[in-house]
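Here are the chains, one letter per residue:
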Amino acid sequence: MKLYRTTAGSFVEEEGQYYHVGGIAWDDLLSLENLADYLTAVIAQSKPATDFRTANVLAPIGQQEVWAAGVTYFRSRGARMEEAKDAGGGDFYDRVYSAERPELFFKSTASRTVGPGGQVRIREDAHWSVPEPELTLLVSPGGQITGYTIGNDMSSRDIEGENPLYLPQAKVYNGSCALGPGILVTSSPLPHATEIMLEILRRGLIEFSGSVALTELKRDPRTLVSYLMCDNSFPHGCFLMTGTGIVPPSSFTLASGDRIRITIEPIGTLENEVA
Ligand code: DO4
Ligand code: MG
């Protein structure tokens, strides 16, 4: 089942039917340890709604923080080593790829995050920017993975490549994060064969496309969550992006007007324009 936050309230979708999820605030909903059971009960007690509109869907975020894991795919390790080699930082990425402790960094808040159809941004002092399509976990306050959504970890590669200590500037700025469209609510892990697909369209034509399967993800999502939760509390739950396995060639940089389309079945497609 999929959970949506919209301008007309929250909806849960199952088998093509949408149901209102009333009487509970979004943050309280995302804080539930038994979200799947709660929504199953809502569906059992409700009649299908007729007022769900795709155009009304908002980013599925309230007071949650968005965190991100880095260098969790071999492709990301190689791309970072290349971009940071002149700064002497290349070795860090190889070491973090192989280390027991993952790289985890703070990524975004609701105010910097856009939903489906929203505009993501290129940092005004960046010259080399890319989208990072990432499977994103919904984590409950108790550390359960209660759902999955799609995330775009917009990144300024020239800034992060200049010096690894500039990472927060490369990653955290207005419009640097997109989430959505909805949250696939399930307590079961996604199949390893699940594919993440990225298309970047420029003037209506595909400028870049790529895909990666979760088999390539080096870290178990539960291990990423256990590091994130270590001595860290999230009273409203949080989102954790699991890293990118798709990196366009080094000659590519995003431009205003580009459309970024990220698909992960069975979650859906997250599409955004670059402002
Ligand atoms: O260490 C730099 C960022 C890595 C990242 O965002 C990724 O691998 O997805
Ligand atoms: Mg990333």
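Thresholds, definitions, all that
- Residues numbered from 1 in each chain as written.
- Chains lettered and ligands numbered in written order.
- Predicted model: local features only at pLDDT ≥ 70, side-chain atom pairs only at ≥ 80, totals over all residues.
- Heavy atoms only, no water.
- Core = buried A, V, L, I, M, F, W, Y, C linked by side-chain atoms within 4.5 Å.
- Buried < 20%, exposed > 50% of the residue type's maximum accessible area, 1.4 Å probe, protein only.
- Contact = heavy atoms within 4.5 Å.
- Phe/Tyr/Trp six-rings, centres within 6.5 Å; stacked < 30°, edge-to-face > 60°.
- Helix = DSSP H or I, 4+ residues; strand = E, 2+ residues; numbered from the N terminus.
- Lys NZ or Arg CZ within 6 Å of the ring centre and 35° of its normal.
- Near = heavy atom within 4 Å.
- Polar contact = N/O pair within 3.5 Å; in protein donor to acceptor, adjacent residues only side chain to side chain.
- Areas by Shrake-Rupley, 256 points an atom, 1.4 Å probe, with all protein chains shown as cover.
- Nonpolar A, V, L, I, M, F, W, Y, C, P; charged D, E, K, R; others polar.
- Domains from an automatic or database assignment.
- Buried area = accessible area lost by both parts, 1.4 Å probe.
- Salt bridge = Lys/Arg side-chain N within 4 Å of Asp/Glu carboxyl O.

On to the nonpolar core. One finds Leu135, Tyr148, Ile196, Leu240 and Ile260 to be the most contacted residues of the largest nonpolar core, which totals 40 residues. In contact with leucine 135, other than residues within four places in its own chain, are Tyr148, Thr149, Leu190, Ile196, Leu214, Leu240, Met241, Thr242, Ile264 and Ile267. If you look at the next biggest cluster of nonpolar residues, it comprises 26 residues, including Trp26, Ala36, Leu179 and Phe239.

Two aromatic rings, taken as a pair, are described by how far apart their centres are and by the angle between their planes. Evaluation of the coordinates by the stated rule reveals 7 aromatic pairs. Considering the side-chain rings of tryptophan 67 and phenylalanine 234, the 6.4 Å spacing of their centres and the 80° angle between planes classify their relative orientation as edge-to-face. Of this pair, tryptophan 67 sits in strand β4 (residues 65-70) while phenylalanine 234 sits in the loop between α7 (221-229) and β15 (238-241), and the two are 167 residues apart along the sequence. Both residues of the pair, tryptophan 67 and phenylalanine 234, count as buried. Members of the aromatic cluster, each reached through a chain of ring pairs, are Tyr4, Phe11, Tyr18 and Phe52. When the ring centre of tyrosine 97 is taken as origin, the NZ or CZ atom of lysine 218, which lies over that ring, is 4.8 Å away.

Below, the discussion takes up the site of ligand 1. In the vicinity of ligand 1 lie 15 residues, with Val71, Ser76, Glu103, Lys171 and Thr244 positioned nearest. Measuring from an oxygen atom of ligand 1, one finds a side-chain N or O atom of glutamate 134 at 3.0 Å. Between ligand 1 and the protein, one listed contact pairs an oxygen atom with a side-chain N or O atom of lysine 171 at 2.7 Å. Relative to its unbound accessible surface of 280 Å², ligand 1 loses 100% to contact with the protein. Those elements giving two or more residues to the shell around ligand 1 turn out to be β4, α3 (74-84), β5 (103-108) and α6 (167-171). Here the shell around ligand 1 is composed, by residue class, of 5 nonpolar, 4 polar and 6 charged.

The subject of this paragraph is the domain arrangement of the protein chain. Per the domain assignment, the segments of the protein chain are domain 1 (2-56) and domain 2 (65-274). Measuring from the centre of the C-alpha atoms in domain 1 to the corresponding centre in domain 2 gives 26 Å. In this assembly, 12 residues from domain 1 lie in contact with 16 residues from domain 2. Carbon and sulfur atoms make up 62% of the area that domain 1 and domain 2 hide from each other, which totals about 1100 Å². Its largest share of buried area at the contact with domain 2, domain 1 owes to Lys2, Leu30 and Glu33, together 48% of the area lost on that side. For the pair domain 1 and domain 2, the number of links is 0 salt bridges.

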